[in-house]
Structure formats: structure tokens, C-alpha cells
Amino acid sequence: MMQQQEAGGFNFENSRRNAVLESSLAENGFKYLNPRKTGTTIAGLIYKDGVILGADTRTTDDMMVADKNCEKIHCISPTIYGCGAGVAADALLCSQMIAASAQLHSLNTGRRPPVAMMTRQLKQTLFRYQGQVSCSLIVGGVDDSGPQLYSVYPHGSSYRLPYVTMGSGAAAAAAVLEDRFKPYMELQDALQVLQDAVLAGILCDLVSGGSVDVCVITETGADLRRGVERAAVRGNRTGDYRYKRGTTVVLTKSTTNLRHDLVHESVQTTDQD
Amino acid sequence: MAATMMMQSRGQNFNEISAQNALVPDWIGTEVSTGTTIMAVEYDGGVVIGADSRTTTGAYIANRVTDKLTPIHDRIYCCRSGSAADTQAIADVVSYQLGFHSIELDERPLVETAAHLFKASCYRYREELTAGILVAGWDRRKGGQVYCVPIGGMLVRQPVAIGGSGSTYIYGFMDSNYKPSMTKEQCLELTAAALTLAMERDGSSGGVVRLASISEDGVERRVILGNALPKVSTH
């Protein structure tokens, strides 16, 4: 007796098609098109007055750097920001989607949206896609319950923590935070710890790089600072390999004029609106 | 509600694509799992539940202070093991359903109702889910109760139940040390000792021990940090 497939539920036809395409491409010697990923280091921590989020700025296309200075810290609402790791498009569009939802909610209720609400919408969407939307996010912000920080994984699990790191450089950044994080730090100390954490990711992880972006979120609002620290600055070339005029001695000089005759002329007018 | 829309079929693991890239660590693509030890014990007047606090993605510990004891209602908790995303989603769904049901009833819901709601979700979507759950709580009708809903969606009430990857190491300990009619304090000690032993042997369990006792008077939660764990093993 054949079992009939139930109607309804989420449709994963495209995922199956993609898998078949990938295997058939591989058989013929072609490589599957790899999505642009943010091989990333993102981190966040809660300090005395709010939340600080940090991220590197490298986007990779397979093994090439596609963007040396991209923005991984996305605005979800004036007091909630999200950092995204994984497939760049997924991370960006997930953030934009809940940002739209946050704004609608604010307009409907007249209040700033709760961080827990944005996290829940995010995790429910990611769960619905069963990990096919391949992005991990750190959501941090301040709402009426105070500063909060959540990490959300691609399959739809989330954790509320005082400090989090995600992305391929997470292990390196976590090492710094595990060593130096303290609850209720002052802004300067907290900034230094977070920058050093992201820096550790940039230096120790091949697919993280660029500079460090941070976003400080407090009760009153957010301050997104791009490029607060550059891990490796391109040096200035001190030598010049150009030869000075006169290095090569000119023995003789002769000039030949090339005559140009107009052979054919045609004019074509384009339509002017 | 988005949480109630569960998908049809999972298919193969599409995260193999990113794992082929040698420079990206393979735990990036692995699903987050609560490879766990959880335990729940009934006593006269309530229940004691306990869990470790480790969540892993492959060989990396994603969260070392996880709270796997999730409140479903005022006097009903669940202990989660298996896929973190699956169990969080199921717990959210059941909390919603139970909260709604409780408002309709205008009284506290039964633990058996919560357990059946878990079973309904876990059994219906058994092909797609990886979730082993212990439902424990107190209600007026039957007092303290522990229900086990393992992978596959079975439902059975037990006076003491263990679950998760670390539970295999403590079946002997539990069988020999559990006695019916223990007091709350004895249950707490037993749970802490059992979890400690499991955490010592199971690589996927560790961190701190989270305990909770649920009775008519309410829920008492406590945490036992790593350096304060009971000294149970003799070598």
C-alpha cells in the first residue's frame, strides 16, 4: 500500500532540486556556485549601561575576499542591532525582515520593540526553514527590560547570554572574552575587550579580516562606529623602481609623420526623447 | 503562529556544501545539539528535576551555561535533550497551547495534559524531529508527576526518569540508588550525584548542574557550579 504524502507543511522542493543539480554538476566536472559568505568573527557583550556588538568586515567568495570593508552590524530598530554570520545574503535579509517587522510593531503599539520579540521572530523563521537559511546572528539591544543579548543559530535555537561570539572566528574571540569579561564593566574597558576579541578572530581565522566595527547601544540609542581598529594596514612603498630620465643614453632620433586620409564618413542619429 | 508550522521532510544534510571547504571548521555547519544529561524524580508533594548545561555544535561548546529546564507553565517544567532548535521550538509550541488551554479552563493545567501535548507534537513529526523530553511538575489531582517522551514520541509515566546522551552512564547508579518514598532533599542529592557522574563520563555533558524542585508552593531553582559538585566518584 503506497503512503500518500500529506498536503501542507513547508515546501522544500527547491532544496532537493539544488542538491540534485549540485551532484550532477560535480559529475560533469563543474563546480557548484558557492554563495558569498561572511566567514566571520562577530561578538557581543553586556556592560554597565547597555550592549556592545562587534564584527569584522571581510566577505569571502570561496577563497577570495569579495569585500574588504562590508557592514555586518545591521540596524533592526533604533535600540536593537544584529550581527550576521554565514551566507551574507541570508544574514542581511533576515535582519532586514525583522527590522521591517520591528518598525511595524513600533507604529502599531507606539513602543520600542522588545529584543526578545525580534529574537523569537528570527528563530521561528529559521526553524521553519530547517537550517536552509544558513545564517547565525547575534541580536543585542536595550528595551524596557534592560540590555539583552541573544545568539541565534541557523537551525533556530537561541540563547540569552552576557557575552557571545559567533562565526568561523568564534573560538578565537571566545578565548579573549572568557579570559577578560567581567559583569558591569565600564564603557572603555568593555570596548577594549570586545575589540580585542574581534581582533583575535581577525588575526587567527583566515576567513575573517578587515577592520573592527563596533556598535554601542544604550538606553538612549545606538552609536555605530565603523573601522575603530585596523588589524593589518597596507604599508607604504618606500622604494621607487622608476628609472630617472637620462639613465638610458639617446644615440639618434628620427621622426616619421603618418598621414591620415579620411576614407569614409557615416552619421547615425539616435532617438532623442 | 510560525512555531506551529512544522515542515514536512528534512531530506539530506545540505550543510555538507560548506563543510567541504577545508578552512571553515566543520562545527560551523553542524546542528546545535544538547548532547545532555537530564533527570527527573517524583517525591511525595512534588518533583525534582536536573540537567547539565552544555550545548555543542560538533566538537565546539556553543553554550556552557545552557538552561535546559524550561518552564511550560507555573508548576510544569520540561527537561530538553536532542536537537536544541527542535526542543526549543516544541517547548514554545506546547507553552502556547497549554497557556491557552489553562485560560480556557480557568485553572492550572494538569501535568498529564502537558505531557500529552508534547507527545502529540513529537509523535506527529517523529521523522523530522530529534527530541527527547522529560515533562515534570505538580498539579492538584495527582501531585508530583514525571512523564518521559523520548525520541519517537512514546509517552510513559515513571517515578524516576533519565535522558540524554549522558544518561546511559548512570542507569546502574539510578537503579541501585533510587528508592521509592524519598524526601525532597534526598531527591536533590540523588539528582546532583547522578548528573555529576554522567558529566564526568560523557563528553557531551558538562558545565554546571541546574536543579529545580516543583511543588504546590512553587518552583525553587538552584545552580551547582563546577567546583561545588558533590564528590561522588572514589577515584
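What counts, and where the lines are drawn
Residues numbered from 1 in each chain as written. Chains lettered and ligands numbered in written order. Predicted model: local features only at pLDDT ≥ 70, side-chain atom pairs only at ≥ 80, totals over all residues. Heavy atoms only, no water. Pairing = 2+ DSSP bridges. Helix = DSSP H or I, 4+ residues; strand = E, 2+ residues; numbered from the N terminus. Axes fitted to C-alpha atoms, helices over the stretch in contact; angles between N-to-C directions. Contact = heavy atoms within 4.5 Å. Phe/Tyr/Trp six-rings, centres within 6.5 Å; stacked < 30°, edge-to-face > 60°. Buried < 20%, exposed > 50% of the residue type's maximum accessible area, 1.4 Å probe, protein only. UniProt positions renumbered as here; feature names shortened; annotations may be inferred. pLDDT = per-residue confidence, 0-100. Salt bridge = Lys/Arg side-chain N within 4 Å of Asp/Glu carboxyl O.

**Student:** Got a minute to help me understand the sheet that holds strand β3 (residues 50-55) of chain A in this structure?
**Tutor:** Either a parallel or an antiparallel arrangement is found when strands of a sheet pair, and the pairing is made through backbone hydrogen bonds. Residue and element names in this part refer to chain A. One open sheet holds the 5 strands; their spatial order is β11-β2-β3-β12-β13, and the pairing between them is antiparallel. The outermost strands of the open sheet, each flanked by one partner alone, are β11 (163-166) and β13 (222-230). Each strand of the sheet is rotated relative to its neighbour by a mean of 15°, with strand direction disregarded. Summarising the sheet, strand β12 (residues 211-218) and β13 pair through 6 bridges and their orientation is antiparallel. Residue pairing across strands places isoleucine 217 opposite alanine 222, the latter belonging to β13. Strand contacts of helix α4 (residues 170-180): β2 (42-47) and β11, with the helix running at about 160° to β11, the strand carrying the most contacts.

**Student:** Is there a simple way to think about the packing of aromatic side chains in this case?
**Tutor:** Ring pairs (aromatic) are described by centroid distance and by the angle formed between their planes. Residues and elements named next belong to chain A. According to the stated counting rule, one finds 3 aromatic pairs over all chains in the structure shown. Ring geometry for tyrosine 153 against tyrosine 159: centres 6.0 Å apart, planes inclined by 75°, an arrangement best described as edge-to-face. Relative accessible area serves as the criterion here: at 10%, tyrosine 153 is assigned to the buried category. Centroid distance tyrosine 163 to phenylalanine 181: 4.5 Å. Interplanar angle 40°. Geometry classified as tilted. Residue tyrosine 163 is found in strand β11, and its partner phenylalanine 181 is found in the loop between α4 and α5 (187-204); the two are separated by 18 residues along the sequence. Of the two residues examined, tyrosine 163 and phenylalanine 181, each falls in the buried class.

**Student:** It is not clear to me how the sheet that holds strand β12 (residues 209-215) of chain B should be interpreted in this structure. Could you clarify?
**Tutor:** Residues and elements named next belong to chain B. Here we have 5 strands laid out as an open sheet, ordered β11-β2-β3-β12-β13, and antiparallel in their pairing. Both edges of this open sheet fall to β11 (160-163) and β13 (218-224), since each of them pairs with a single strand only. Adjacent strand axes in the sheet meet at a mean angle of 10°, parallel and antiparallel pairs treated alike. Pairing of strand β2 (residues 38-43) with strand β3 (residues 46-51) involves 6 bridges; the strand directions are antiparallel. Each bridged residue has a counterpart across the sheet, and for alanine 40 the counterpart in β3 is isoleucine 49. With respect to the sheet, helix α5 (residues 184-201) is in contact with β2, β3, β12 and β13, its orientation differing from that of β2 by roughly 165°.

**Student:** So what exactly am I meant to see when it comes to the UniProt feature "active site" (unreviewed entry) in chain B here?
**Tutor:** Residue and element names in this part refer to chain B. Mapped onto this structure's residue numbering, the UniProt feature "active site" (unreviewed entry) falls at Thr36. Secondary-structure assignment places threonine 36 in the loop between β1 (33-34) and β2. The exposure class assigned to threonine 36 is buried, which follows from its relative accessible area of 0%. When sequence neighbours within four positions are dropped, the list of residues in contact with threonine 36 reads Asp52, Lys68, Arg80, Ser81, Gly163, Gly164, Ser165, Gly166, Ser167, Asp202, Ser204 and Ser205.

**Student:** In this structure, what is going on with the pairing of strand β8 (residues 131-139) of chain B? I would like to understand it.
**Tutor:** Consecutive side chains of a regular strand alternate in pointing toward one face of the sheet and then the other. All names here are of chain B. For β8, the tally of buried residues reaches 9 of 9 residues, placing the bulk of the element in the interior. Burial along β8 is two-sided: the face carrying Ala131, Ile133, Val135, Gly137 and Asp139 and the face carrying Gly132, Leu134, Ala136 and Trp138 are both buried. By the bridge criterion, 7 bridges tie strand β7 (residues 76-83) to β8 in an arrangement that is antiparallel. For cysteine 78, the partnering residue across the bridge sits in β8 and is valine 135. Bridge analysis of β8 against strand β9 (residues 143-149) gives 7 bridges, and the strand direction is antiparallel. Paired with tryptophan 138 across the two strands is glycine 144, which belongs to β9. Joining the antiparallel neighbours β8 and β9 is a turn of 3 residues.

**Student:** Explain the UniProt feature "domain: Proteasome beta subunit C-terminal" (unreviewed entry) in chain A here, please?
**Tutor:** UniProt tags residues 231-267 of chain A as "domain: Proteasome beta subunit C-terminal" (unreviewed entry). Between the end C-alpha atoms of residues 231-267 of chain A there is a gap of 56 Å, over a span that is 0% helix and 0% strand.

**Student:** What is the right way to look at the confidence of the model for chain B in this model?
**Tutor:** Low-confidence regions, as indicated by low pLDDT, have predicted coordinates that should not be scrutinised in detail. Per-residue pLDDT for chain B averages 89, and the proportion of residues at 70 or more is 86%. As a predicted assembly, this complex carries a pTM of 0.83 together with an ipTM value of 0.84.

**Student:** Would you mind going over the pattern of salt bridges with me for this structure?
**Tutor:** If charged atoms from side chains of opposite charge come close, those side chains can pair. Per the counting criterion, the structure on display carries 21 salt bridges over all chains. The partner of lysine 68 of chain B in a salt bridge is aspartate 52 of chain B, with the nearest N and O atoms 2.9 Å apart. Here aspartate 52 of chain B lies in the loop between β3 and β4 (55-57) and lysine 68 of chain B lies in the loop between β5 (60-63) and β6 (69-73), a separation of 16 residues in the sequence. Note on aspartate 52 of chain B: relative accessible area 0%, which makes it buried. Between arginine 222 of chain B and glutamate 220 of chain B there is a salt bridge whose closest N-O contact spans 3.4 Å. Bridged by salt links that share partners, the residues Glu71, Asp213 and Arg226 of chain A form one connected network.

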